[in-house]
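# Analysis of the macromolecular model
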Amino acid sequence: MPLYHETYDVRAVIDAPLIGDHAGYYLRLAERFGGPVLELGAGTARISRQLAASGIDATALEISDDMIDAGNRWGQPAPADRFRIIRGDVRNLPRDRTYALVIAPFRMMQELDDETDVIRAFQEAFSVLQPGGLFCFDLIDIQAAPALMHPDPTIQRLPDIRHPESGNAVRISACERLVNPVLRQYREKWLFEEVDAAGRILRTEQSWQVHRWYRRSDIARLLQQAGCKSTIWYGSFRDMELEQPCRPGRDQIWLCQSHFQ
Ligand SMILES: C[S@@+](CC[C@H](N)C(=O)[O-])C[C@H]1O[C@@H](n2cnc3c(N)ncnc32)[C@H](O)[C@@H]1O
């Protein structure tokens, strides 16, 4: 299994104070709106596991076997009667259950190839919502982080982390960013190195992370094309009150109700 997947949960905990506490936000949301919850593109299911541990019925859906395996190996244990993780594609959801809340945390939708896939994923999410249910997802707000639209050749060394099993240090460097303005896509190259106590490099891996960027107007349009007409968005993981006015921030957080034209 690649170091990217093996260290995913460790990195998510370290990243939370820097880029937003996604897990805390979705936990508060689920406590407020109730379950059952479906998490789309759940990765290791770190968020669904927390929901289940808090008493909420949670289903995690993920396409990558490595992510699922990493979660099963090193993720927080979750009660079997309230948690399940299934391999699947957000563009074609199983129809065996419906949900009070469908979530797609941590910029999941930016990993889809194009707008057609995003519309499809939105339609699928709405199709498994219970009447009055809520669909919530977040994306990085490109208007607040315009640097992502520009190439960057610099190497940035991130703080070392510990491998969850070996305890060895894992060095991570963000090596370069390439940008395709036609596809509105940025690709970031990450270098992972596992280093033992004597300073020997045991493993070296490169990993390309590919994301598309969306403006708020793009997402509003895609949601409309998917048949949804009731949405609000927020700019911060601190915002929760539905009455609050929308404010720009580092993230786009969208809350959509299962209401169709
Ligand atoms: C940035 S991660 C977020 C993981 C998790 N939600 C979290 O907050 O830690 C996005 C995840 O979406 C998954 N993914 C990408 N495309 C997918 C698809 N078409 N269907 C299901 N999962 C997908 C990726 O494998 C990855 O694990």
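For every chain, the first residue of the written sequence is number 1, and numbering continues from 1 onward in sequence order. It should be noted that, the model being predicted, local features are given only for residues of pLDDT at least 70 and side-chain atom pairs only at 80 or more, the latter also being counted only at that level, while totals for whole chains, interfaces and linings use all residues.

### Thoughts on the pairing of strand E7 (residues 169–180)
Moving residue by residue along a regular strand, the side chains alternate between the two faces of the sheet. Summarising the sheet, strand E6 (residues 156–162) and E7 pair through five bridges and their orientation is antiparallel. Across the sheet, the residue bridging to Leu158 is Ile172, located in E7. Each pair of strands is called paired provided DSSP finds at least two bridges between the two strands. Comment: elements are numbered from the N terminus, with helices defined as DSSP H or I runs of at least four residues and strands as E runs of at least two. Between E6 and E7, which follow one another and run antiparallel, lie six residues, and Gly167 among them has a positive phi close to 80°. Two strands pair when backbone bridges link them, and E7 and strand E8 (residues 185–195) are joined in this way by 11 bridges, in the antiparallel orientation. Among the inter-strand pairings, Leu178 is bridged to a residue of E8, identified as Arg187. Between E7 and E8, which pair antiparallel and follow one another directly, the connecting turn spans four residues, one of which, Arg184, has a positive phi of 50°.

### Brief notes about the packing of helix H6 (residues 115–127) against helix H7 (residues 216–225)
Axis separation between H6 and H7 bottoms out at 9 Å; the angle between their running directions is 55°. As summarised for this structure, H6 and H7 are arranged oblique, according to the angle between their axes. Between H6 and H7 lies a crossing of right-handed hand. Residues Glu115, Val118, Ile119 and Phe122 of H6 form the contact with H7, whose own contacting residues are Leu222, Leu223 and Gln225. Basically, the charged four are Asp, Glu, Lys and Arg, the nonpolar ten are Ala, Val, Leu, Ile, Met, Phe, Trp, Tyr, Cys and Pro, and anything else, Gly included, counts as polar. When its residues are assigned to classes, the contact of H6 with H7 shows five nonpolar, one polar and one charged. In this analysis an axis means a line fitted to C-alpha atoms, helices contributing only their contacting stretch, and an angle means the value between N-to-C directions, from 0 to 180 degrees. Geometric relationships in this document are graded by angle, where less than 35 degrees denotes roughly parallel, more than 145 denotes roughly antiparallel, 65 to 115 denotes roughly perpendicular, and other angles denote oblique. With the far helix as reference, a near helix turned anticlockwise by less than a right angle produces a left-handed crossing, and one turned clockwise produces a right-handed crossing. Contact between two residues is assigned whenever their backbone-derived C-beta positions fall within 7 Å.

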